[in-house]
Structure formats: C-alpha cells, structure tokens
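Coordinates in review
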Amino acid sequence: MKKEKKIYEDLTPIQNKAQITFILVGTIFLFLLFFFWKIQILDHNKFWRQSEANRIREIILPPQRGLIEDRNGIILATNIASFQISIIRENCQDIEQSYQKISRLLGLELSVLRERIEKYKFLPMFQPIVIMDNLDVNEVSRVKARQAEFPELIIQSEPKRNYPYEALAAHVLGYLQEISQEEIRQSISQRRPGDLVGKTGIEKEYESLLVGKEGRVLEIADSLGRRVGEISRVGSYPGRDIRLTLDFALQRKAEELLEGREGAVVVLDPRTGEILALASFPTFDPNKFISRFSPEEWLNLLRDPDFPLENRAIRGLYAPGSIFKLAMSLGVLDSQVVSEWKTYYCTGSTRIYGHPFACWFKGGHGSVNLINGIKNSCNIYFYQVGKLMGIEEIAKYARMLGLGSLTGIDLPGEKEGLVPDPDWKRKVRNEPWYPGETISVSIGQGPIQVTPLQIAAYTALFANRGKSVSPYLYKNKSVPTSEGQADIQESIFEKVITGMWKSANEGGTGRAASVQGFDVCSKTGSTQVVSTATAKKLGEREKIIKTHSWFTGFAPRENPEIVVTIIVEYGGMGGATAAPLAGEIFRLYRENHDR
Amino acid sequence: MIDRNQVRNIDWVLIGLLILNSVIGIAFIHSSSHYLPGNHALKQFFWLLAALIALFVFLSVNYTILIAYSLYFYSITIIILSGILLFGRLTAGTKSWIVLPFFRIQPSEITKIAVILVLAHMFSTYRKGSLSIGHGVLSILIVGIPVLLVGLQPDLGTALTYIPILLAVFVMVGLKRRTIIIFVILALLLGIVGWSAVLKDYQKERITTLLTPEKDPLGSGYQTIQSKIAIGSGGFLGKGYKKGTQSQLRFLPARHTDFIFSVIGEEFGFIGVIVTFLLYFLFLARLFQSVSKSRDRAGAFIIYMVAGMIAFQFFVNVFMTIGLFPIAGVPLPLFSYGGSSLLTNFLAVSLVINVSMRRFVNV
C-alpha cells in the first residue's frame, strides 16, 4: 500500500472537479430537454404550419380570354401566345447582386427593374413578380438557356390579347391594362396584382364574361423553387366569346371616312337598336400598349391634344345645331302652337327681343312653312316658333326624344349631355333664364349638349314613328332592350319625315347623302363653336372653318333599316362635309343588303 | 508494447458508444444527402473505418510517450496551419483544407490533439494549488496560436472549439479569485476589440440575428428559422426517416453537416431527440468518469480536456439549431458529415482509453 501511494499521486481534487463539471453537463441536458419539449410539443402546430407553407406553391393557370367577333363572326379580338419573365425574390442569393445580374441579362435598366419590384414588395417572397412581358420565343430562349444561373427567374407563357385589325373599332373594343389597386379592392372575383383587365369599351363592360376562370396548381417545391411534385390541379376555364352587333364592313367604311378628321360616326338598326358601326377619330392601336408597363406609345396618347383615347361617339358633347329642329318641328305640331301651314318670311336675319338673329342663308329663304323649314333648315322659322313655344315646352319635347339622358348603351363612360331650362340655369349658374337663350336653343345652339349616339337614337325614334330603342353592342345580350313609345300621333312623325325626305331628295341641305332608290331621310347641322361676335371678328372664312359638321338620317323612308349619324369637328357646313360621308355609308349598306 | 492486461482494460463500452453514435450519424447523413451528388454516407463510413483503425493504432502507443513527443507534434501542426494560410487555396471561402487526391483534410481539427498533449505535458509536473502567471500566459499562447491561425482562415467555428480546452486546463489547475477577475476583464476587452476590428460583417450579423432572427428571415436569420421550423414541425414522433420536408426539400441549410441534429428532430421528433440525448449523455458520462481511471495527473488532464471539448461542441451545435447560439459552423461531434472532425474525435477518445487502459501499469 505504501508503495502504491508513492506511485499514484492523490487526484481526488481533480476527480471532484470532473464530477462537478459532469453535473453541470447533466443540468444543461435537462434544460435542453425542456427547450425541445417547448418547440416540438407546445409550439408544434405553429412550426408545422410553417413547414407546410414552405413547400406548397400555388401556380395560377391564366384562362383564355373570350374572343370578340363582329355580327358575322369576323374576329376582332383574339389571343396569341406570349411569354413573361418573373422574379421569385425568395430564390435570390443576394437581392442586390441578383438585380444587377438580371438587369444585364435582360437589358433592363436597374432603376426600372427596382421600381417594378418595389411596387409589389408587399407580396409574399415566394410569389413571382412579372418584370417583363410580351416577349416572343426568341427573346425568351436566351433567358431559358441561362436558367441554371438564375434560379430566381421563371418564364411563364400567357395568352396575350391581340387585335388583328389593329385600330379598327378600338373605341368599341377598348383595351387591357394592369389592374389597379382600387380595382382589386372592388372586384368580386379574386383578382391579383399583375392581372390584365379591360379598362374601357367592351373589354371593360363584359370583363366578367370575357375573363374566364383561372386554374390553380398546388405543387411541392424545394427551397430552390424547383418543382418536386404536384398536389392538386384545377384547369383553367376559358372566358365566353362575345359576338357584337357591329358590321365589319360598315365599321371599316366609317373609319375610312373619318380618316384625317376628328369626329364620330354611329350607324344603328332602328328596328332593334343594334349598333352596326361606332367610330371615333382620331384613334389608336390597342396592341401597342397591352402591357403591364407604360411604354412611350401610351404616354404619347395620353398627352395628345386631340384626345385619341376619347370615344367621341358616346362621350363627345356637342351642340346639336339644326339637327335639333326635328325636335322643334315635332313640338310645334304636337303642341299646335302654330299650324303646319303657318309661314314666316325669311330675309336672312331678324331682330328678336332687340337682338339680331341671323339665318345661315344670307340671301333669305323667303316664305317658309314647317316642311320647308326642315328641308332648308331655315333658322328664322324656328326662331319664331321657338319664341312662341317657350323654353319649358322645348325642353319637354327634347327630353321626350331622349336628349339629356343616357341611351343605356353597353359601353362604359357614356355621357348624358344637357337639355337646359330655367331650373337648370338657376341651380348651376345661379342666373335667371334670358329669353334670348330660348331663341338660341330653338336652333340647337346655346347651352344644349348632345352626344352623337344620342342623336342616332333620337333619329331612330323618328324612323320608328315614335318607338324608341336603346342601342346596344352585345348581340346575344339576354336582357331585352328597353323599348318605349312616344305619346305623339304617328301622323305628326310622318310630317316631320316628309321634311327630312325633302332635305335629302328635293335639293335640301342633306342632298349629298341621297342614294338612288334608297329613300334617305335626313337632317344636317352646322354648329357654331365660337360665338357670333367672335366669328365676326375672325371673318367669314374662319367662321366656316370653325363650325362642327353634323348629319343624321335614316333609310329607307318606309320600314327603315339603318340610321346614320355623323359629326365632323370643324368640318364646316353639315350638308357639305358630313352628308357626303353619310351617303357613302348608305350606299355601302344598300349594296351589301341587295345581293 | 501492449500486453493482455491492457487489452482487457480497454473501455469497450466507450468504443461501443462511439461507434453507435457515429453509425446513427451516418444514417442521418444518408437521409439528408442521398439526393446530392457524391455519396456522403458512404464516404463517412470509410472515414469511420479509417478513424477506428487510427484509434487502435493510437492505443498501442503509451500516452506518456505521446506526451513526451507532444512539442514536436505541436510544432508540425503549427507549421502546417501557417503553411496553408500562406499557400493554401480558398475552398468555400476559407483556407482550411489540404486537398489530397481522394479526400481533403482540415488540419485545424487534428491540431486540437497536439494542443491537448502539449498542455498535458506542461502541467504533468505542475504542483501549485493555482495557476501561476507564467503558466497562464504560456497555456494561453499554446491555445492562442492555433486559434489565431484558424481564425484567420477564416474558420471562426473551429477556432471556437479550442476555447474549452483552455478552460478545462484553468478549471483543473484552479484559478485565484484575482486571476478570474483579470481574465473576465481581458475577455471583455478582447470582445470589444474583436467586435469592432476583427469580426467580419457576416460574423457580426450572425450574432445580432441570434437576438432577432425574424428581422431578416432571408438573410442570416434564415438558417435559424428553417432549423427551428424543422425541429418544431417534427412534433412528438417526427415525420419519419427520409420524410422530413424541411430537410428533403432543402429548406434546411447545411443539413448533413452543421444542422444534422435538426434532421433528427424533424424526422424522429421529440422521441428521436430524447434518444440522441440519452446516447450522448451516456457517452459524455463515460468520458467524465474516465477521469478517475487515470493513474497520473497528465492522464486526468487529457481526459478532462477531451470530455470538455466534446461536450462543449455538442452543446454549441445543439444550441445553434434552436437559435440559442449564433450560426458558428460548429459540427455535431460524431454525427456531422466530415472526416477530419470524426477522425479528431476518435483520436481524442482514443487518448482517453489510452489513459484508462494503462491505469494499473507500474512505471
């Protein structure tokens, strides 16, 4: 024993320290056990959900948007394949580095890219953000070839809206643009940032029919965004095709006629209210800005002083001018302020309430009754009857004929115009009605405002001898169009129509619109854009240049089939500018329907 | 050199636990890397065989001889560490590897064995009740030089694993209260200087995200969050072997290396965690018990240093997987993929057995 003690030194203190250390180790184990119990048992549900969310990815399958066709099945809006490139931020190793590499790869400016992504930074990191779209196969293949270097980029194909006839009927069809935050909030069906939606025209009006239902694929993805498997798949459902009442040939003709001018053409079928053509000029090619981004073309259109994006046919507000004389005539006959044979003598000008009022024909029309008043569009005659009727009566008949209220066409943004009366003036301008204003309104001048579409519907009411129709564009619209009947004798309409017929066929102002054997009935108008006083200062020539040129008419006289309304801004006299254009449309219609 | 008595005294239980833990490790290496190129599990298995052979070869040499030659070992390893720092090529951002034709090794791991032996040598004849200044400075230098060299690679994680060796020595020798105070102040100063001058940005980030991992879920916090999701989603029973979505779908980073414990937690749940803890607890218990099986001071020091080193690494790694420690790149001893680490741990345990099997030998 003694020997052993010499060899083995006493290590008890060291051993004790080891024991204490080991107790410490055991304590840490217990602490850890408690900690894992908390994470794995108490917080299990939370982490379980997070791990599920980690691996499941939702892919949206965009639906095919419904086609838009003319009444004969000619396709006006279709879809073609295009590609888009999106970024999944979650897969970026280093966001900044990624931006720079992508910017180089795609030739996209860094600031543009950053701005683009910034706009959608509230989206979850795994959700793709579109950074380029409208790409064709060649552009995409370059990116595809280097896909391995860019796990954060994904290429998706999407159907892209295409308008094969470019600007044709652009104002009717409308266009698509990226959905706004506001629209997302308002939408009933689930729409997401980045979706394209109809912003105007049929594309907007029938968005819910056209859009279809998107499909969804739930797939399992690994942390690099690579697809590992699929959980479920619901295919997309294409949108409904929409057949319009538009007639391709008439629409194209209408636009050809307006080429180089500013104005609008409305052609409709008075029997049903079907719109056969609805053109507005200047126009635009919607193909050029179907994009999530705002290219130069779009900004140029917005800046253009001629407002090419405005649909003048339903949103342009004009004084109706002499076209309003049809409403006046109806009022004269119905209210019997004077008989249809009562004549007034036109010397080219007159004084009423101490103010001079002129006829457009300086030489004067001589003795004028109602029918001739319509045929020659004599101002003096209508000044006199207007004075007798008074503004309240005039407004009553104007409203009865649909002026001052929406026609109800299935296009967004229609304007209702204005039929003025003393009440309106008090409320809006806080001024009394001046008797002289009644005289101006009698020939469709002054504060009265109408849209070309309203005039077309108003003309249809005359053509139908009092039966009103509401114009529409969607051929298969299930809701019946509302029809009304003005409470005025048919014989009264016949008398006004006689005047209209003479206007076109017996050397009246609408003669340039007549078509051999098609019994066109018409009324022209030339509305002053500047006041008479200003016009005097500018001189005779300027005055002609500064009038809008109106035409409205229907054909044939019995059982009318077509109404044509045209306005050419700053076009001069209605009979000289608008009427010949209308003649071409009547002629084309007749050619196409006599075969 | 080796007689029958000594063979009978080999701690087979310890070797059994060593192998058992390593084999479980290989199973999880397989689970978390079978879809990756290069058969990691098979490679690790070969490393295990090699490490086992090395263990027995190492046993045949009396540890007193190893201690006697320790300064040479130490010098050689320091030269190698300096060499790769000067001439080595960057691999994965650090210069920690010697790349050989069929495998590569991390000298920074093996160096720990030399450090342990040198310290054992130094204190084998030290008889004072507490650490003298001279010995204190010397032992700090012995550990500090390789720590500095490894830290410069830069491999902060491995450098960190040298610290428990030094602490173990201090505890064994004993410190005066005054010395402890001086050390605490020094450590604080070092921390401040290190934070502002030495630590690289990404290293600082790892420490700050420890406090708020959710602040930057895709940056430094990502790994911690994904690891916690893996462990937490495992629940009580786990998702099943090779069925952990966090691991299989690669949301979990460094699955077969630093985060292998998260894979265990995900695929075998709380039960798996308890079993692993139990096995490790037994293993560490066996190591600490071995301290009393040493017949001399040097042997006890060796065993204590080895036990401390492995326990420290184990806890740092597990703490890291649940976000209680910054992501430091410290592998889970015996479990994580990596030959150098496995070999080093086997050699370290080999030293422990070397000491305990020779406890009855007369000098």
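What counts, and where the lines are drawn
Residues numbered from 1 in each chain as written. Chains lettered and ligands numbered in written order. Predicted model: local features only at pLDDT ≥ 70, side-chain atom pairs only at ≥ 80, totals over all residues. Heavy atoms only, no water. Contact = heavy atoms within 4.5 Å. Buried area = accessible area lost by both parts, 1.4 Å probe. Salt bridge = Lys/Arg side-chain N within 4 Å of Asp/Glu carboxyl O. Pairing = 2+ DSSP bridges. Helix = DSSP H or I, 4+ residues; strand = E, 2+ residues; numbered from the N terminus. Axes fitted to C-alpha atoms, helices over the stretch in contact; angles between N-to-C directions. Patch = residues over 30% accessible without salt bridge, like charges linked within 9 Å, V, L, I, M, F, W, Y side chains within 5 Å. Areas by Shrake-Rupley, 256 points an atom, 1.4 Å probe, with all protein chains shown as cover. Buried < 20%, exposed > 50% of the residue type's maximum accessible area, 1.4 Å probe, protein only. pLDDT = per-residue confidence, 0-100.

**A word on the interface of chain A and chain B**
Facing the 38 residues of chain A at the interface are 55 residues of chain B. When the two sides are added together, the surface that chain A and chain B hide from each other amounts to roughly 4,000 Å², 75% of it contributed by carbon and sulfur. It is A:Phe29, A:Phe36 and A:Gln40 that lose the most area in chain A upon contact with chain B, and together they represent 16% of the buried surface on that side. Here chain A is connected to chain B by 0 salt bridges.

**Points about the sheet that holds strand β9 (residues 227–234) of chain A**
Strands belonging to one sheet form pairs held by backbone hydrogen bonds; the direction of such a pair is parallel or antiparallel. Residues and elements named next belong to chain A. Read across the open sheet, the 3 strands follow the order β1-β8-β9; overall the sheet is antiparallel. Single-partner strands in this sheet number two, and they are β1 (56–61) and β9. Neighbouring strand axes in the sheet, compared pairwise and without regard to direction, differ in orientation by 25° on average. In this structure, strand β8 (residues 215–221) lies alongside β9, joined through 6 bridges in antiparallel fashion. Residue pairing for β9: Ala 221 is matched across the bridge by Arg 227. In the packing of helix α3 (residues 44–55) onto the sheet, contacts are made with β1 and β8, and the angle to β1 comes to roughly 40°.

**Describing a nonpolar patch on the surface**
A surface patch of nonpolar side chains, amounting to about 850 Å² of accessible area, comprises A:Phe31, A:Phe34, A:Trp37, A:Ile41, A:Leu42, B:Phe236, B:Leu237, B:Ile271 and B:Val275. Going through the elements one at a time, α2 (12–42) of chain A together with α14 (260–289) of chain B are the ones with two or more residues in the nonpolar patch. Summarising the element assignment, A:Leu42 is placed in helix α2.

**Let's talk about unusual backbone geometry**
Residue A:Pro556 is bonded to the preceding A:Ala555 through a cis peptide linkage, with omega at -10°. Position of A:Pro556 relative to the elements: it lies in the loop between β20 (547–555) and β21 (562–568). At the junction of B:Gln153 and B:Pro154, the peptide bond is cis and its omega measures out at 0° in the coordinates. Examined against the element boundaries, B:Pro154 turns out to sit in the loop between α7 (133–151) and α8 (156–160). Although it is not a glycine, A:Arg465 sits at a positive phi angle of roughly 55°. With respect to the helices and strands, the residue A:Arg465 is situated in the loop between α20 (452–463) and β17 (467–469). If you check the backbone angles, B:Lys242 has positive phi at about 65° while not being a glycine. Take B:Lys242: it is sitting in the loop between α12 (221–234) and α13 (245–248).

**A short note on helix α16 (residues 379–389) of chain A**
Most of α16(A) sits out of view: 9 of its 11 residues are buried. A:Gly390 sits one or two positions beyond α16(A) and adopts a positive phi of about 85°.

**Considerations on the confidence of the model for chain B**
Averaged over every residue, the pLDDT of chain B is 87; residues scoring 70 or more account for 92%. At the low end of the mean pLDDT range in chain B sits helix α11 (residues 201–211) of chain B, at 68; at the high end sits α14(B), at 96.

**Remarks on the sheet that holds strand β12 (residues 275–281) of chain A**
Residues and elements named next belong to chain A. Ordered in space as β12-β11-β21-β20-β19, the 5 strands form an open sheet in which the pairing is antiparallel. Each of the sheet's edge strands pairs with one partner strand only, and the pair in question is β12 and β19 (521–528). If you compare each strand with its neighbour and ignore which way they point, the axes differ by 5° on average. As paired strands, strand β11 (residues 263–268) and β21 are joined by 6 bridges and run antiparallel to one another. Bridging across to β21, Leu 268 finds its partner in Val 563. Here helix α11 (residues 248–258) sits on the sheet in contact with β11, β12 and β21, set at roughly 25° to β12.

**Section: the pattern of salt bridges**
Residues and elements named next belong to chain A. The final tally for this structure, using the stated rule, is 27 salt bridges over all chains. Its salt-bridge partner being Arg 243, residue Glu 69 comes within 3.1 Å of it at the nearest N-O pair. With Glu 69 in strand β2 (residues 68–69) and Arg 243 in strand β10 (residues 242–243), this pair connects stretches of sequence that are 174 residues apart. A relative accessible area of 30% places Arg 243 in the partly exposed class. A salt bridge links Lys 495 to Glu 340; the nearest nitrogen and oxygen atoms lie 2.9 Å apart. Here Glu 340 lies in the loop between α14 (325–335) and β13 (344–346) and Lys 495 lies in helix α21 (residues 490–505), a separation of 155 residues in the sequence. In this structure Lys 495 comes out as partly exposed when scored by relative accessible area, which is 29%. For Glu 340, a relative accessible area of 14% gives the class buried.

**Comments concerning helix α9 (residues 163–173) of chain B**
Counted residue by residue, α9(B) has 8 buried out of 11 residues, so it is predominantly covered. Residues B:Pro164, B:Ile165, B:Leu166, B:Ala168, B:Val169, B:Phe170, B:Met172 and B:Val173 constitute the buried set of α9(B). Contact partners of the buried residues in α9(B): α2 of chain A together with α6 (107–123), α7, α8, α10 (177–198) and α15 (297–321) of chain B.

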